[in-house]
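# Reading the structure
Take a look at the letters that make up each chain.
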There are 2 protein chains.
Amino acid sequence: MATMTAAEKKAEAKTQYNAFLAACPSQQVLARVSGKWVTLVMSALGSGPDCTGEPRPMRYSELARVLAGVSPKMLSQTLKSLERDGLVTRTVVATVPVTVSYELTDLGLSLHGTVRQLKLWSEAHRDDVAAHQDRFDARTIPA
Amino acid sequence: MATMTAAEKKAEAKTQYNAFLAACPSQQVLARVSGKWVTLVMSALGSGPDCTGEPRPMRYSELARVLAGVSPKMLSQTLKSLERDGLVTRTVVATVPVTVSYELTDLGLSLHGTVRQLKLWSEAHRDDVAAHQDRFDARTIPA
DNA sequence: CAGTATCCACTTAGATACTG
DNA sequence: CAGTATCTAAGTGGATACTG
């Protein structure tokens, strides 16, 4: 039906693009890393509670304390996805009550290192960005 | 009122944490970069339509064509936020009808380079991650 | 051409309460 | 201690129609 051709072509183009999007490596990492808590969990695990130390394993409750404000749901969800991706290990010690500790894998550590690069960029350019924002807002809002 | 103390302490801790979160540089870049279209726009502008060329300016409609499936709303919104952050420039040429072109700034180019690192990590480790996911799912789902 | 305006759908995160 | 279950709020992206 010729009447559908335009819409069909559009839909098809979009499907193809979504496929490309889904396959795009940078999109995948970005999606993984951009969850609200994932970088914070990885930071805690990768640099200690104060983000300035050595990588070390931490327990669930310790993470919950360090990441003040995280709900059990989000912490659990975040840790599970990181475990699924092979970025952290989950170790259960059969004490009573049970003890669970989480630790970055080598893979997780390497991603942490890469994300650190982004962080360094941010620290290096945050003033730049803020200045641009101010100028932009000054030009657009007051009108 | 003593009955509110626990809730108050919790709220305060959360406020403090949100402040930390807001101040955390890596969170800021992540938030900026993780919009669905921002890396795609930056890629198009930074590597040409096929992601393998040189940085060059592109027009609104050209971006809309290359990023098949993007709505005018999202493209406009994405470009505006990138412009606000000083990552792209918006140039209006007073032809008729009007012509607008967008181009990465040096700042935008440098962020593009940093994000490229993430992309390289992803390409290097995607099989690793997929393998972990498969093993994880195999262990958890079939139970 | 280069957007803006409006309305809707979906995903994501948080609060809260309960369990092995 | 280490979570799970449920419900709700909020933010984010999409479809569509219209404008300077």
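Given the structure is predicted, the values throughout are model-derived calculations rather than measurements. Starting from 1, residues in each chain are numbered consecutively following that chain's sequence as written. Here chains are named by letter from A upward and ligands by number from 1 upward, in the order in which they appear as written. Predicted model: local features are reported for residues with pLDDT of at least 70 only, side-chain atom pairs are reported and counted for 80 or more only, and whole-chain, interface and lining totals are derived from all residues. In computing side-chain values, all of the structure's heavy atoms are included and hydrogens and water are not.

Labels follow the DSSP assignment, with helices taken as runs of H or I lasting at least four residues and strands as runs of E lasting at least two, numbered in each case from the N terminus. When helices and strands are counted, chain A shows six helices and three strands. Traced from its N-terminal end to its C-terminal end, chain A shows the element sequence α-α-α-β-α-α-β-β-α. Between the two quantities, the radius of gyration covers C-alpha atoms and the globule rule is 2.2 Å times the number of residues to the power 0.38. In terms of overall size, chain A is more extended than a compact globule, its C-alpha atoms giving a radius of gyration of 21 Å where 143 residues would be expected to give roughly 15 Å. Viewed in the frame of its principal axes, chain A has a C-alpha envelope of about 70 × 50 × 25 Å. Buried means the residue's accessible area, taken with a 1.4 Å probe over protein chains only, is under 20% of the maximum for its type, while exposed means over 50%, and partly exposed covers the values in between. Here chain A holds 143 residues, and the buried ones make up 38% of them. Contact definition: two residues touch when any of their heavy atoms are within 4.5 Å. For chain A, restricting intrachain contacts to residue pairs at least 6 apart in sequence, the fraction spanning at least 24 positions comes to 43%. About 8,100 Å² of surface is accessible on chain A, with carbon and sulfur atoms providing 57% of the total. Distance between charge centres in chain A, computed from 17 positive and 14 negative side chains, equals 6 Å. Here the open area of atoms and residues is found with the Shrake-Rupley method and a 1.4 Å probe, where only the protein chains shown may cover a residue. All tallies of charge rest on Lys and Arg as positive and Asp and Glu as negative; His and the ends of each chain are not included. The location of each charge is read from NZ of Lys, CZ of Arg, CG of Asp or CD of Glu.

A few words now on the environment of B:Arg116. If you trace the backbone, B:Arg116 turns up in helix H6 (residues 106-140). Placed 29 residues apart in sequence, B:Arg116 and B:Leu87 show a C-alpha to C-alpha distance of 15 Å.

It is worth spelling out the protein's contact with DNA strand D at this point. Neighbouring residues are identified by heavy atoms, a residue being near a molecule or strand if any of them is within 4 Å of it. Around DNA strand D there are 20 residues in total, and A:Lys14, A:Ser76, A:Tyr102, B:Lys36 and B:Lys73 lie nearest to it. For DNA strand D, the backbone makes up 70% of the atoms found within 4 Å of the protein, where backbone means sugar plus phosphate. In the analysis that follows, any N or O atom pair within 3.5 Å is treated as a polar contact, provided that within protein one partner can donate a hydrogen and the other can accept it, and provided that, for residues neighboring in sequence, both atoms belong to side chains. Taking B:Lys73, its side chain carries an N or O atom lying 2.3 Å from a base oxygen of DNA strand D. Breaking the surface near DNA strand D down by element, the ones donating at least two residues are helix H4 (60-66), helix H5 (72-84) and strand S3 (99-104) of chain A together with helix H5 (72-84) of chain B. In terms of residues, the surface near DNA strand D owes the most to one element, H5(A), which gives four residues. In terms of residue class, the surface near DNA strand D is made up of eight nonpolar, five polar and seven charged. Any residue outside Ala, Val, Leu, Ile, Met, Phe, Trp, Tyr, Cys, Pro, Asp, Glu, Lys and Arg is labelled polar, Gly included; the first ten of those are nonpolar and the last four are charged.

With that settled, consider the side chain of A:Lys119. Structurally, A:Lys119 can be placed in helix H6 (residues 106-140). If near-sequence neighbours (up to four positions away) are discounted, A:Lys119 is found in contact with A:Ser43, B:Pro25 and B:Ser26.

For the rest of this paragraph, the subject is the pattern of salt bridges. The salt bridge criterion pairs a side-chain nitrogen of Lys or Arg with a carboxyl oxygen of Asp or Glu, the two atoms within 4 Å. On inspection of all chains with the given rule, the structure shows six salt bridges over all chains. Across the pair A:Asp85 and A:Arg32 runs a salt bridge, and its minimum N-O distance is 2.7 Å. Taken together, the residues span a long stretch of sequence, with A:Asp85 in the loop between H5 and strand S2 (88-93) and A:Arg32 in helix H2 (residues 25-33) at a distance of 53 residues. For A:Asp85, a relative accessible area of 4% corresponds to the buried category. Judged by relative accessible area, which is 23%, A:Arg32 ranks as partly exposed. Residues B:Glu62 and B:Arg56 are paired through a salt bridge, measuring 2.9 Å at the closest nitrogen-oxygen approach.

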